[in-house]
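# Structural features, examined
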Amino acid sequence: MTEIAASDFRPAQRHIRLDTILRLRWLAVLGQLAAIFIVAQGLEFNVEIVPCVSIIALSAALNLGLQAVSNPLQRLEPIQAAGLLALNIVELAGLLFFTGGLQNPFSFLFLAPVLISATALPARFTFGLGVLAVACASVLFFFHLPLPWDSDDPLVLPPIYLVGVWLSIVLAIGVTSLYSFQVTEEARKLADALAATELVLTREQHLTQLDGLAAAAAHELGTPLATIFLISRELEKTVKDPDFAADLKTLREQTQRCRDILSKITQLSSTGAPFDRMKLSELIEEVVAPHRDFGVDIKVRIAVAAFAEPVGSRNPAILYGVGNIVENAVDFARTAVEVNAWWNKDTIELLISDDGPGIPPDILNRIGEPYLSRRRTQDDAVGERRGLGLGVFIARTLLERTGAKVSFTNRIFPEHGAVVQITWPRQRFEAIETLEETIG
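Throughout this document, residue positions are counted from 1 along each chain, in the order its sequence is written. Predicted model: local features are reported for residues with pLDDT of at least 70 only, side-chain atom pairs are reported and counted for 80 or more only, and whole-chain, interface and lining totals are derived from all residues. Remark: hydrogens and water are excluded; side-chain values derive from all non-hydrogen atoms of the structure.

In the annotation of an unreviewed UniProt entry, the protein is listed under the name histidine kinase and assigned to Bradyrhizobium niftali. UniProt positions are given in the numbering used here, feature names are shortened, and annotations may be inferred rather than shown by experiment. Quoted verbatim from the Catalytic activity (unreviewed entry) heading of the UniProt record, the comment on the protein is "ATP + protein L-histidine = ADP + protein N-phospho-L-histidine."

Geometry of aromatic contacts follows a simple scheme: Phe, Tyr and Trp rings, the Trp one being its six-membered ring, pair when their centres are within 6.5 Å, and the pair is stacked under 30 degrees between planes, edge-to-face over 60, tilted otherwise. By the definition in use, this model includes four aromatic pairs. Ring geometry for Phe97 and Phe98: centres 5.1 Å apart, planes at 85 degrees, overall edge-to-face. Its relative accessible area of 30% is what places Phe97 among the partly exposed residues. Buried means the residue's accessible area, taken with a 1.4 Å probe over protein chains only, is under 20% of the maximum for its type, while exposed means over 50%, and partly exposed covers the values in between. Classification of Phe98 as partly exposed rests on a relative accessible area of 22%. Centre to centre, the rings of Trp424 and Phe429 are 5.3 Å apart; their planes meet at 55 degrees, and the pair counts as tilted. Residue classification places Trp424 among the buried positions, given a relative accessible area of 1%.

Attention now moves to helix H2 (residues 49-69). For H2, spanning 21 residues, the distance from its first C-alpha to its last is 30 Å, which sits close to the expected 30 Å at 1.5 Å a residue. Secondary structure elements follow DSSP: runs of H or I no shorter than four residues count as helices, runs of E no shorter than two count as strands, and numbering proceeds from the N terminus. All of the buried residues in H2 are Cys52, Ile55, Ile56, Ser59, Ala60, Asn63 and Leu66. Angular distribution of buried residues about the axis of H2 spans 130 degrees; they occupy a single face of the element. Across H2 from its buried face, at more than 90 degrees, point the exposed residues Val50, Leu58, Ala68 and Val69. Against helix H1 (18-42) and helix H3 (78-97) lie the buried residues of H2. Here the expected length of a helix is defined as 1.5 Å per residue gap, with one fewer gap than residues. As used here, the arc is the angular range of directions from the helix axis to the C-beta atoms. Whether two residues are in contact is decided by their heavy atoms: any pair within 4.5 Å suffices.

How sure the predictor is of each residue is captured by pLDDT, a score from 0 to 100. Considering every residue of the protein, the mean pLDDT works out to 79; 79% of them sit at 70 or more. Low pLDDT (under 50) marks residues 1-12, which in the prediction has 29 contacts with non-local residues, meaning those over four places away or in another chain. Of the regions scoring below 50 in pLDDT, residues 268-275 engages in 14 contacts with residues more than four places distant in sequence or in other chains.

All right, on to the sheet that holds strand E6 (residues 336-343) then. Taken together, the five strands give an open sheet; going across it, the order is E4-E6-E7-E9-E8, and neighbouring strands pair in mixed fashion. Strands with a single pairing partner mark the edges of an open sheet, and in this sheet they are strand E4 (297-302) and strand E8 (405-410). Across the sheet, the mean angle from the axis of one strand to that of its neighbour is 15 degrees, orientation sign disregarded. Pairing between strand E7 (residues 347-354) and strand E9 (residues 418-425): seven bridges, direction antiparallel. The residue bridging Leu351 from the neighbouring strand is Gln421, located in E9. Here, axes are lines fitted to C-alpha atoms. For helices the fit covers the stretch in contact, and angles between N-to-C directions go from 0 to 180 degrees. Its contacts with the sheet place helix H9 (residues 316-332) against E4, E6, E7, E8 and E9, and it is angled at close to 25 degrees to E7. DSSP-based pairing: two strands are paired if at least 2 bridges between them are found.

Structure representation (structure tokens):
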């Protein structure tokens, strides 16, 4: 079976486009200017306009400079993106210093850069930005200018309230960032795993196409080789020179050898065409055969039924999916693996079980998620087998695309081992499906 490693699809680094950061910074500049204008002109509160506008102007100047010297579509290195987000935090802290510190309701905007980092940057940068935001909030708790307010009726907030604001900012940064990071990471894993699934199907399709090309080439080459063989044989009969006759004999023998090779290619390709029809028992045997020489006894049991044996297309998705599950069963089994097949007029069912340690309870309900694995290490006991991972996700996804339902359980005590149940609607299994339909 095709082995796909998680590292083949997960990028080593994550990148944000400069244009994305600049758009966020311009949005912050416009929002800050609007807030100062509304407070100073609309509410007629006393605002430190000069220092606030100076900070905003520096931020705008930096944006213009980055747009002038850099391509907005370039992807920033994580440390560069984190640096710009850290600058956003420092700029916000400067504005809050002149407008009341944590008394200012806009102090919760410390969350924004940290959340952006949690969804797009590695965890270490998100942690660093979170620490910076908490540090700035802590400084503003003690050092800040008064909150712009009506001078005739000044607003005085009790210290306990400010402590609550500081604590809520800290908790919001921690909780929301962690949640955003986990959701984004799961989405990224799922996208990478689905890309791996599509790659597996593409490889299977490519191999099938190669089989067809090999058969076509064998057919086309058969006629000229037959002509060469006949002419060389006739010349060999008429030529009197022993040396020339020996050369003709060698030519005839090598031509016959080429014909034999092409004949073998044709025989191999004839059973690999994408529209081949095969019985369920034949499909099981094709899947099981590569795993019989690994020291594990594989028992195949076909139940006697009142209905004719199902016949389906030789679908690469089914072959890969069932084969991967059988391979995992062989990896985990101690001595034996059982493959049981049963059907009636409506349903086809496969049960693949082993006598290994079974599926750990903590991951039993999560089997089929991408990158879920419990690998064997050098310190583990001999009986501990390496774990399930991306391969099971791919197998389950491929099988479900063919209409199957896949479930994972453990054998009932005192027996031990894992059981995988694969169930198809018989009508769906026996329908002729092309590989493109499976992918779609």
